[in-house]
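The lines below spell out each chain.
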Amino acid sequence: MQQYSGFGLLKHSLSYHENWQRVWSNPIPKKHYDVVIIGGGGHGLATAYYLAKEHGITNIAVVEKGYLGGGNTARNTTIIRSNYLWDEASHLYEHSLKLWEGLAQELNYNLMFSQRGVLNLGHSLQDMRDIERRVNSNRLNGIDGEVLTTAQVQEMVPILDCSKNARYPVMGASWQARAGTARHDAVAWGFARAAEALGVDLLQQTEVTGIRRKDGAVAGVETNRGFISAGKVGCVAAGNSSVIAKMVGMELPLESHPLQAMVSEPLKPILDTVVMSNHVHGYVSQSDKGDLVIGAGIDGYLGYGQRGSFNVVEDTIAAIIEMFPMFSRVRLNRAWGGIVDTCPDACPIISKTHVKGLYFNCGWGTGGFKATPGSGNIFAHTIAHDQPHPLAKPFSVDRFTSGELIDEHGAAGVAH
Amino acid sequence: MLHIYCPYCEEMREEEEFNPAGQAHIERPLQPEELSDEQWARYLFFRKNPRGLHHEMWVHAHGCRKYFNITRNTVTYQIMETYKMGLQPNITASKEG
Ligand SMILES: Cc1cc2nc3c(=O)[nH]c(=O)nc-3n(C[C@H](O)[C@H](O)[C@H](O)COP(=O)(O)OP(=O)(O)OC[C@H]3O[C@@H](n4cnc5c(N)ncnc54)[C@H](O)[C@@H]3O)c2cc1C
Ligand SMILES: [Zn+2]
């Protein structure tokens, strides 16, 4: 793998940047892999990377029906934070945030990870009580968090309407300084490049159409490029997880919904942190390129179409203008949708299944980007040991039968 | 935006008047206390979530406020039919071929 560096950039500029090595190759599928990962999004690629790096399994294929990162990974609003309420979830997301903090160096890839902080606004007394409870619980778990007053919020974000006349006045906020954003497609590319360097085959344009079983154990995957035999199969297909589960006669407690996002025309720097509000239901940040990155809520109906209804976009814009009246004259550039796999308790499923050697990592819904490295890391452990990683254990699909749900609707209230 | 025919109002109306309410034809168990934990979980949480034809409930929230059913394609979003509560769909995955 060619190392990237400032010096390299200078060197390649002398040859007009025409001699850069290809970042990954396009291999022909082998007959057999020790592990096949279904889904070449960030989570799938991270799983392959950590399997190779930490568990010494390198005969791996990542099977992706489209292109790497073309799913939710490069469609999200890139918010990263770990201020969830319950112990299980906050440990999981904090594990991930810690990995983010060294990831660009580790992968030798500029992820543009920026710890610019996240504000979660409160607009009612109940909001503020919930915020205090969540921040206290975060601090008990060793996660940074502060409760800010309206004046402190206003000082931090002068363009936010904190006046008493607002329809939903800002009463304060929670602040996580270590939270932030990253460049989402770079995350997929960085993991892909590092995984391939460790021997992982990245099979794009390869769609899994069936899962072959033998004596109750997984035997491989049927694809549009033929059968690929596999010792173990990890499914990380986000919005399409139910479709794969159906291939082995399994139902999951998931619903796939459209979730939309949009960006504005590029502006001069105006917003240097991430602002989210559960109550008016909007969240916005500004990318390094200058566009405002705005996320909507899910459409309530099932949808596999990677697009949603216009009224949802309209509601989102209304919420953003409510918070930032000065954005009313900004023009939007693009809008798009992803398919998010929402779970009844707003927490993921990281689980073994009734088929031996078949594992699922799904249900991240509207908020799994922040978990990309952590999810891959503990899912790799789960697959390698055929035993859930201690952090993954509470997230088994069995919790829906035992009743041990982890209700994160509060901390995950606005889609992110 | 979807245009939806409410079988009670007998009119096409815009999506914003309606709310989706999940998978249709789920029957509440008559004797919940006799179910195993697995069966109860299945009733509460597990869903078909198909890529393709889906029978789902909607409510005409800003209209007659009645629940009814829709058969809809979850990829194209095309609505194939709407029908009243208690009725069965005319269009099903097997009939569609
Ligand atoms: C608009 C939007 C905004 C969001 N905002 C945030 C945010 O701010 N912060 C945050 O933390 N999260 C956010 N999320 C959620 C986050 O994007 C996802 O939880 C996360 O990216 C999921 O990663 P993944 O790798 O599992 O899924 P994906 O990137 O979707 O990868 C799954 C892959 O599986 C492939 N696949 C599916 N079926 C098959 C098959 N049969 N064969 C082969 N391949 C298959 C797909 O093509 C896809 O590439 C947002 C999501 C959306 C849509
Ligand atoms: Zn009606």
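The structure under discussion appears in the preceding block.
Residues numbered from 1 in each chain as written. Chains lettered and ligands numbered in written order. Predicted model: local features only at pLDDT ≥ 70, side-chain atom pairs only at ≥ 80, totals over all residues. Heavy atoms only, no water.

**Thoughts on the overall build of chain A**
1) Next: On a plain count of helices and strands, chain A comes out with 10 helices and 18 strands.
2) Next: Here chain A has a C-alpha radius of gyration of 21 Å; the compact-globule value for 416 residues is 22 Å, and the two agree.
3) Next: Among the 416 residues that make up chain A, the fraction classed as buried is 58%.
4) Next: Put simply, of all contacts in chain A between residues at least 6 apart along the chain, 75% involve residues at least 24 apart.
5) Next: Entry remark: accessible area of chain A is about 16900 Å², with carbon and sulfur atoms responsible for 52%.
6) Next: For chain A, the centre of its 36 positive side-chain charges and the centre of its 39 negative side-chain charges are spaced 5 Å apart. (Helix = DSSP H or I, 4+ residues; strand = E, 2+ residues; numbered from the N terminus. Rg over C-alpha atoms; globule rule 2.2 N^0.38 Å. Buried < 20%, exposed > 50% of the residue type's maximum accessible area, 1.4 Å probe, protein only. Contact = heavy atoms within 4.5 Å. Areas by Shrake-Rupley, 256 points an atom, 1.4 Å probe, with all protein chains shown as cover. Lys, Arg positive; Asp, Glu negative; His and termini not counted. Charge placed at Lys NZ, Arg CZ, Asp CG, Glu CD.)

**What to know about the overall build of chain B**
1) Next: Each helix and strand in chain B was counted, giving 2 helices and 6 strands.
2) Next: Element order for chain B, N to C, with α for helix and β for strand: β-β-β-α-β-β-β-α.
3) Next: Along the longest, intermediate and shortest principal axes, the C-alpha atoms of chain B span 45 × 35 × 20 Å.
4) Next: Put simply, chain B has 97 residues, and 37% of those count as buried.
5) Next: Contacts in chain B between residues far apart in sequence, at least 24 positions, make up 46% of those at least 6 positions apart.
6) Next: When the accessible surface of chain B is totalled, it reaches about 5900 Å², and 48% of it is carbon and sulfur.

**Side note on the coordination of the zinc ion (ligand 2)**
1) Next: Looking at the zinc ion (ligand 2), one finds its protein donor set to be Cys6 of chain B (SG), Cys9 of chain B (SG), His60 of chain B (ND1) and Cys64 of chain B (SG), positioned 2.0 to 2.3 Å from the metal centre.
2) Next: His60 of chain B gets classed as buried once you look at its relative accessible area, which sits at 0%. (Donors = N, O, S within 2.8 Å, 3.2 Å for Na, K, Ca; no water.)

**Focus: the interface of chain A and chain B**
1) Next: Listed by partner, the interface residues are 28 residues for chain A and 24 residues for chain B.
2) Next: Where chain A abuts chain B, roughly 2200 Å² becomes buried across the two surfaces, and 54% of that area is made up of carbon and sulfur atoms.
3) Next: Of all residues in chain A, Glu251, Tyr301 and Tyr304 of chain A give up the largest surface area on contact with chain B, accounting jointly for 29% of the area buried on that side.
4) Next: Viewed at the interface, chain B and chain A are joined by 1 salt bridge.
5) Next: Note that Arg42 of chain B and Glu251 of chain A form a salt bridge whose closest N and O atoms lie 3.9 Å from each other.
6) Next: At the junction of chain A and chain B, the tally comes to 12 residue pairs in polar contact (both at pLDDT 80 or more).
7) Next: Elements that contribute at least two residues to the side of chain A that touches chain B include exactly α7 (241–246), β12 (255–264), α8 (310–323) and α10 (399–402) of chain A.
8) Next: Of the residues contributing to the side of chain A that touches chain B, the split by class is 13 nonpolar, 10 polar and 5 charged. (Buried area = accessible area lost by both parts, 1.4 Å probe. Salt bridge = Lys/Arg side-chain N within 4 Å of Asp/Glu carboxyl O. Polar contact = N/O pair within 3.5 Å; in protein donor to acceptor, adjacent residues only side chain to side chain. Nonpolar A, V, L, I, M, F, W, Y, C, P; charged D, E, K, R; others polar.)

**Quick word on the packing of helix α2 (residues 42–55) of chain A against helix α3 (residues 87–107) of chain A**
All names here are of chain A.
1) Next: At a minimum axis distance of 15 Å, the contact between α2 and α3 shows a crossing angle of 80°. Between α2 and α3, the angle is such that the two are roughly perpendicular. Seen from α2, the contacting residues are Tyr49, Tyr50 and Lys53; seen from α3, they are Leu99, Leu103, Glu106 and Leu107. (Axes fitted to C-alpha atoms, helices over the stretch in contact; angles between N-to-C directions. Parallel < 35°, antiparallel > 145°, perpendicular 65-115°, else oblique.)

**Quick notes on the site of ligand 1**
Residues and elements named next belong to chain A.
1) Next: Lining the immediate environment of ligand 1, one finds 38 residues, of which Glu64, Asn72, Thr73, Thr77 and Lys370 sit closest.
2) Next: One of the backbone nitrogen or oxygen atoms of Gly42 is found 3.2 Å away from an oxygen atom of ligand 1.
3) Next: Here an oxygen atom of ligand 1 and a backbone polar atom of His43 are 3.0 Å apart.
4) Next: Isolated, ligand 1 exposes 1000 Å² of accessible area, and the fraction of that covered by the protein chains is 97%.
5) Next: If you list the elements that add at least two residues to the shell around ligand 1, you get α2, β12 and β16 (332–342).
6) Next: Within the shell around ligand 1, the residues separate by chemical class into 13 nonpolar, 20 polar and 5 charged. (Near = heavy atom within 4 Å.)

**Looking at the pairing of strand β2 (residues 11–14) of chain B**
1) Next: Bridge analysis of strand β1 (residues 3–6) of chain B against β2 of chain B gives 4 bridges, and the strand direction is antiparallel. Counted as the bridge partner of Tyr5 of chain B is Met12 of chain B from β2 of chain B. (Pairing = 2+ DSSP bridges.)

**Regarding the sheet that holds strand β5 (residues 67–73) of chain B**
Residues and elements named next belong to chain B.
1) Next: Reading across from one edge, β3-β4-β5-β6 is the order of the 4 strands in this open sheet, with antiparallel pairing throughout. On the outer flanks of this sheet lie β3 (19–23) and β6 (79–84), each paired with one strand and no other. The average undirected angle you get between the axes of adjacent strands in this sheet is 30°.
2) Next: Across 5 bridges, β5 lies against β6 in antiparallel orientation. Within β6, the position partnered with Asn69 by the bridge is Tyr83.

**Quick look at α8 of chain A**
Residue and element names in this part refer to chain A.
1) Next: Compared with an ideal rise of 1.5 Å per residue, which puts 14 residues at 20 Å, α8 spans 20 Å between its outermost C-alpha atoms and is within 8% of the ideal.
2) Next: All of the buried residues in α8 are Asn311, Val312, Val313, Thr316, Ala319, Ile320 and Met323.
3) Next: Here the buried face of α8 lies against β4 (118–122), β12, β13 (274–277), β14 (282–286) and β15 (292–298). (Expected span 1.5 Å × (residues − 1).)

**Regarding the sheet that holds β16 of chain A**
All names here are of chain A.
1) Next: Pairing within the open sheet is mixed, and its 8 strands lie in the order β5-β6-β4-β13-β14-β15-β12-β16. Bordering the open sheet on either side are β5 (146–148) and β16, each of which pairs with just one other strand. Here the strands of the sheet are splayed against their neighbours by 20° on average, with no regard to which way each runs.
2) Next: Here β4 runs beside β13; their pairing, made up of 4 bridges, is parallel.

**Observations concerning the pattern of salt bridges**
Residues and elements named next belong to chain A.
1) Next: Scanning the entire structure with this criterion turns up 18 salt bridges over all chains.
2) Next: Glu265 serves as the salt-bridge partner of Arg331, at 3.7 Å between the closest nitrogen and oxygen. Taken together, the residues span a long stretch of sequence, with Arg331 in the loop between α8 and β16 and Glu265 in the loop between β12 and β13 at a distance of 66 residues.
3) Next: A relative accessible area of 23% means that Glu265 is categorised as partly exposed.
4) Next: Here Arg399 ties to Asp345 by a salt bridge, and the two come within 2.7 Å at their closest N and O atoms. Placement of the pair is Arg399 in helix α10 and Asp345 in the loop between β16 and β17 (349–352), with a sequence separation of 54 residues.
5) Next: Under the relative-accessibility criterion, Arg399 is labelled buried at 3%.

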